[in-house]
Amino acid sequence: MSEKIATDLKYIPIAVKFNEPVPPDHPYYTDLSGLRGTFKRNMLFRELNMDISEDKFNAELFSGLKSFVFLAGMPGSGKTTELLSYRKILNEPDAFFVIWCSIDEELDINDMEYMDIVIFQLEKLVERVKQENIRIKENVINSMNEWFGKRIKEINKKISAEGGFET
């Protein structure tokens, strides 16, 4: 985060680095939820079966929930900052086990395949599991191995069809 302070609108580009997210507990964090049109944070939390009034997860409603959220916007519009604020609320023992993956910082965005992202996510998951000293059930590990095995076969099939080589 830049330590310069903008005292006039024309100095904002000098003081603010749009490629650096602002965590929710940072002094420069600004809640822009009122500028998001029809999207409200409560809509997201409702999709995740959270008790909206207290930002608490409602375990009684959770039943194999699978939700997808697409967050889009111009560079510097606050997408990462927004996600960081969700992580702070959702990463609770009674809610979700949140894994933070920033491909912009840790992968080469000019030379990246889908599988690179999946492997990166798995690495982050393993790091966090070790950090929290969590033991994963063997059937979960077997399921992940099976899923990765299928993806590798799919990729090899695609590469072979294109006249390439196998991984």
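Please refer to the structure placed before this passage.
This one's a predicted model, so the numbers in the text were calculated from it and none came from an experiment.

Re the packing of aromatic side chains
For step 1, the next point in the chain: Applying the stated criterion across every chain yields a total of one aromatic pair.
For step 2, the next point in the chain: Between Trp147 and Phe148, the aromatic rings sit 5.1 Å apart at their centres with planes inclined by 85°, giving edge-to-face as the arrangement.
For step 3, the next point in the chain: Judged by relative accessible area, Trp147 falls into the partly exposed class, the value being 33%.
For step 4, the next point in the chain: Taking the ring centre of Phe97 as reference, the NZ or CZ of Arg128 above it sits at 4.2 Å.

Describing the packing of helix H5 (residues 114-131) against helix H6 (residues 138-161)
For step 1, the next point in the chain: Where H5 meets H6, the axes come as close as 11 Å, and the angle between the chain directions of the two elements is 160°. Relative to H6, the element H5 lies roughly antiparallel. The two elements H5 and H6 cross, and the hand of that crossing is left-handed. Across the interface between the two elements, Tyr114, Met115, Val118, Ile119, Leu122 and Leu125 of H5 pack against Met144, Trp147, Phe148, Arg151, Ile152 and Ile155 of H6.
For step 2, the next point in the chain: Split by residue class, the contact of H5 with H6 holds 11 nonpolar, no polar and one charged.

Notes on the nonpolar core
For step 1, the next point in the chain: By size, the foremost hydrophobic cluster in this structure holds eight residues: Leu44, Phe45, Leu48, Met50, Tyr86, Ile89, Leu90 and Val98.
For step 2, the next point in the chain: Within the residue set of this core, elements represented by two or more residues are helix H2 (41-47) and helix H3 (79-90).
For step 3, the next point in the chain: Residue contributions to this core peak at three residues, all from H3.

So, a negative patch on the surface
For step 1, the next point in the chain: On the surface, Asp108, Asp111, Glu113 and Asp116 cluster together to form a negatively charged patch.
For step 2, the next point in the chain: Checked against the element boundaries, Asp108 lands in the loop between helix H4 (103-106) and H5.

Remarks on the side chain of Glu82
For step 1, the next point in the chain: Structurally, the position occupied by Glu82 is in helix H3.
For step 2, the next point in the chain: Polar side-chain contacts of Glu82 include one of 2.6 Å to the side chain of Tyr86.

Considering unusual backbone geometry
For step 1, the next point in the chain: One non-glycine residue, Asn133, lies in positive phi territory at about 55°.
For step 2, the next point in the chain: In this structure, Asn133 sits in the loop between H5 and H6.

So, the pattern of salt bridges
For step 1, the next point in the chain: Taken as a whole and judged by the stated rule, the model has five salt bridges.
For step 2, the next point in the chain: Lys124 is the partner of Glu127 in a salt bridge, and the nearest nitrogen-oxygen pair spans 3.8 Å. Of this pair, Glu127 and Lys124 are both found in helix H5, three residues apart, which corresponds to roughly one turn of the helix.
For step 3, the next point in the chain: Classification of Glu127 as partly exposed rests on a relative accessible area of 47%.
For step 4, the next point in the chain: The salt bridge partner of Glu146 is Lys150, with a shortest N-O separation of 3.5 Å. Here Glu146 pairs with Lys150, and both are found in helix H6, just four residues apart, close to one helical turn.
For step 5, the next point in the chain: Salt bridges sharing common partners tie together Glu106, Lys124 and Glu127.

Reading the values: the criteria
- Residues numbered from 1 in each chain as written.
- Predicted model: local features only at pLDDT ≥ 70, side-chain atom pairs only at ≥ 80, totals over all residues.
- Heavy atoms only, no water.
- Phe/Tyr/Trp six-rings, centres within 6.5 Å; stacked < 30°, edge-to-face > 60°.
- Buried < 20%, exposed > 50% of the residue type's maximum accessible area, 1.4 Å probe, protein only.
- Lys NZ or Arg CZ within 6 Å of the ring centre and 35° of its normal.
- Axes fitted to C-alpha atoms, helices over the stretch in contact; angles between N-to-C directions.
- Helix = DSSP H or I, 4+ residues; strand = E, 2+ residues; numbered from the N terminus.
- Parallel < 35°, antiparallel > 145°, perpendicular 65-115°, else oblique.
- Left-handed = near helix turned anticlockwise from the far one by under 90°.
- Contact = heavy atoms within 4.5 Å.
- Nonpolar A, V, L, I, M, F, W, Y, C, P; charged D, E, K, R; others polar.
- Core = buried A, V, L, I, M, F, W, Y, C linked by side-chain atoms within 4.5 Å.
- Patch = residues over 30% accessible without salt bridge, like charges linked within 9 Å, V, L, I, M, F, W, Y side chains within 5 Å.
- Areas by Shrake-Rupley, 256 points an atom, 1.4 Å probe, with all protein chains shown as cover.
- Salt bridge = Lys/Arg side-chain N within 4 Å of Asp/Glu carboxyl O.
- Lys, Arg positive; Asp, Glu negative; His and termini not counted.
- Charge placed at Lys NZ, Arg CZ, Asp CG, Glu CD.
- Polar contact = N/O pair within 3.5 Å; in protein donor to acceptor, adjacent residues only side chain to side chain.

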